[in-house]
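Reading the structure
Here is what each chain is made of, one letter per residue.
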Amino acid sequence: MSAIAQVIVNGLIAGSIYALVAAGFSLIYSTNRFIHFAHGAVIAFAAYMLYTFFSLLNLPFSMAIVMTLLVTAVLGVGLYKLVYQSLLKKKASMVILLIASLGLLILIENILQAVFGADIKSINAFAINQGWSIAGITITSLQLVIIGIALIMLGLIYGIMQKTKLGRHMRAVADNKELAAVMGINEKKIAAYSFIIGSLLGAVAGILIGLEQNIRPTMGTGLMIKGFTGAVIGSVTSVPGAVLGAFILG
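The rules behind the values
Residues numbered from 1 in each chain as written. Predicted model: local features only at pLDDT ≥ 70, side-chain atom pairs only at ≥ 80, totals over all residues. Heavy atoms only, no water. Salt bridge = Lys/Arg side-chain N within 4 Å of Asp/Glu carboxyl O. Buried < 20%, exposed > 50% of the residue type's maximum accessible area, 1.4 Å probe, protein only. Helix = DSSP H or I, 4+ residues; strand = E, 2+ residues; numbered from the N terminus. Expected span 1.5 Å × (residues − 1). Bend = angle between axes of the 7 residues up to and from the residue. Patch = residues over 30% accessible without salt bridge, like charges linked within 9 Å, V, L, I, M, F, W, Y side chains within 5 Å. Areas by Shrake-Rupley, 256 points an atom, 1.4 Å probe, with all protein chains shown as cover. Lys, Arg positive; Asp, Glu negative; His and termini not counted. Charge placed at Lys NZ, Arg CZ, Asp CG, Glu CD. Contact = heavy atoms within 4.5 Å. Core = buried A, V, L, I, M, F, W, Y, C linked by side-chain atoms within 4.5 Å.

1. Examining the pattern of salt bridges
Counted by the stated rule, this structure contains 2 salt bridges. The closest approach of N and O atoms between Asp119 and Lys121, which form a salt bridge, is 2.9 Å. We classify Asp119 as partly exposed; its relative accessible area is 45%. A salt bridge links Glu187 to Lys177; its shortest N-O distance comes to 3.5 Å. One end of the pair, Glu187, is in helix 8 (residues 187–212); the other, Lys177, is in helix 7 (residues 177–182), with 10 residues separating them in the sequence.

2. Section: helix 3 (residues 61–89)
Between its first and last C-alpha, helix 3 extends 41 Å over 29 residues, near the 42 Å set by a 1.5 Å rise per residue. At Lys81, helix 3 shows its strongest bend, of approximately 30°. One or two residues past the end of helix 3 sits Lys91, with phi positive at roughly 60°.

3. Looking at a positive patch on the surface
The grouping of Lys81, Lys89, Lys91 and Lys188 at the surface amounts to a positive patch. Mapped onto the elements of the fold, Lys89 is located in helix 3. With relative accessibility at 57%, the residue Lys89 sits in the exposed group.

4. Overview of the side chain of His39
Mapped onto the fold, His39 is located in helix 2 (residues 39–56). In this view, His39 contacts Val21, Gly24, Phe25, Ile28, Gly198, Ser199, Gly202 and Met224; residues no more than four positions away in its chain are not counted.

5. Description of unusual backbone geometry
Positive phi, normally seen in glycine, also occurs at Arg33, with a value near 65°. Looking at the secondary structure, you find Arg33 in the loop between helix 1 (2–32) and helix 2. Using a relative accessible area of 33% as the deciding quantity, one classes Arg33 as partly exposed. Despite not being glycine, Asn58 has its phi angle at roughly 60°, a positive value. Judged by its relative accessible area of 60%, Asn58 is exposed.

6. Some points on the nonpolar core
Counting residues in each nonpolar core, the largest one holds 69 residues, and the members touching the most others are Leu20, Leu27, Leu50, Leu79, Tyr84, Leu112 and Met219. Ranked by the residues each element gives to this core, the list is headed by helix 8, at 12 residues. Not counting chain neighbours up to four residues away, the residues in contact with Leu112 comprise Ala44, Phe45, Tyr48, Gly117 and Pro217.

7. Re the environment of Gly234
Tracing the sequence through the fold places Gly234 in helix 9 (residues 219–234). In this structure the C-alpha to C-alpha distance between Gly234 and Leu249, which are 15 residues apart in sequence, comes to 9.7 Å. With residues up to four places along the chain from it excluded, the contact list for Gly234 reads Gly241, Ala242 and Gly245.

Next up, the structure:
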């Protein structure tokens, strides 16, 4: 039984990361209706930004976290404004947008490799400990923090989507863009907000991965595959469904 319990706990830890990735991906897709595979590269970018601010520039940890969140959100909305919005103005098809997203994924990963090198990097913000053993289950304090922060962020995004004006507008655009426009909702503004929020969720995932694991330029591809798979399992057009699917995958 202890082996099964350990597997479940490990799955919960992995699922927490996948859920953040899937939630950001699903939020962007449901609002814009095109696949943003470059979301994986945004997550890797966040991990490397934390490495830059904390390990290379020696900024205080809290400041490094804030800076990482800010620059990652800027990258996310920048990709939308500079690439996707330009293509949408030209009436680009979903296939063209998909190819563009894959191109951005490859481009950002190669830029990270050119700047930081192909070797594995470690952030080492916290001392490594053996963790606690409870009823045959081993878990570290950092892993508990990962689960806790993931659940807090997922609860926060659920609250935003259900209780705020921005969330209601996002759900309206996701449900029917034409009707939402008739009601005076600015579709482009909502799309930009979806990229900001989705990228922030990805940034949190990148930060948590960087704290627990080593980072490498191509890590975004694997994370995007898992996040996309989790979203498909639960429903790519539903953020709660995508989160559930990601935990199941974990």
